[in-house]
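Here are the chains, one letter per residue:
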Amino acid sequence: MREPVTFASKVAIEHRATLERLLFFNGCQSRVARGIVDVIDRFGPPEIELDGEWLRVKVSELSSGVQSLFAVEATTGRPLGVAVYMRADLEHVTVLHVGLSEEYCAGGERESLNLLLRLLKEIRRSSRRVKGVRRVSVAYGAQRQRAQA
């Protein structure tokens with residue numbers, strides 16, 4: 001059975017600590033650390049931005065065009081995952097950063113809910129509505145790391 005998860009472009013300010021854990025103190029990040037460093041070197045680090053009573057994520061060196069998609073627990077609004085992405089050019093959307101609650105990562109107690117896949121599918125679904133976008137890619141990941149090693 002799927003856990004009630006919704007997707008949103010922002011999260012409530014009360015979830016700042018949870019969002020910080022997803023982006024900056026995530027135990028799953030070590031798996032793709034080299035890719036994260038490469039993306040930060042190229043585009044700048046992700047930053048949590050206050051927008052009224054809401055939180056969003058921006059990337060310091062990309063002042064426009066960066067969007068965030070949060071997977072949130074439907075009942076509490078607690079962020080379970082986040083993806084930060086941009087329209088790289090007219091045909092491509094690139095996911096720059098991904099953070100998942102450790103329980104949803106590979107090896108976590110809720111990995112069978114495929115939260116990462118659901119988050120990326122939602123980005124792909126929303127990108128299809130944008131004229132000209134033909135492809136969604138992820139800037140880093142375990143597959144890319146193995147190919148470069």
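In what follows, the structure referred to is the one given above.
Heads up: these notes are all about the structure in this document. (Residues numbered from 1 in each chain as written. Predicted model: local features only at pLDDT ≥ 70, side-chain atom pairs only at ≥ 80, totals over all residues. Heavy atoms only, no water.)

**Observations regarding the sheet that holds strand E6 (residues 79-87)**
Working step 1: The mixed open sheet is built from five strands, whose spatial order is E1-E5-E6-E7-E8. Every other strand in the sheet has two partners, leaving strand E1 (5-8) and strand E8 (135-138) as the edge strands with one partner each. Here the average twist between neighbouring strands, direction ignored, is 25°.
Working step 2: Judged from the seven bridges that link them, strand E5 (residues 66-73) and E6 form a sheet pairing that is antiparallel. What sits directly across from Ser68, in E6, is Val84.
Working step 3: Contacts from helix H3 (residues 115-128) reach E1, E5, E6, strand E7 (92-100) and E8, with the element oriented near 35° to E6. (Pairing = 2+ DSSP bridges. Helix = DSSP H or I, 4+ residues; strand = E, 2+ residues; numbered from the N terminus. Axes fitted to C-alpha atoms, helices over the stretch in contact; angles between N-to-C directions. Contact = heavy atoms within 4.5 Å.)

**Comments concerning the pattern of salt bridges**
Working step 1: By the definition in use, this model includes seven salt bridges.
Working step 2: One salt bridge connects Lys58 with Glu47, and the closest N-O pair in it is separated by 3.8 Å. A residue pair is termed long-range when its members are at least 10 positions apart, and Lys58 in strand E4 (residues 54-59) and Glu47 in strand E3 (residues 46-51) qualify at 11 residues.
Working step 3: On the accessibility criterion, Lys58 (32% relative accessible area) is partly exposed. (Salt bridge = Lys/Arg side-chain N within 4 Å of Asp/Glu carboxyl O. Buried < 20%, exposed > 50% of the residue type's maximum accessible area, 1.4 Å probe, protein only.)

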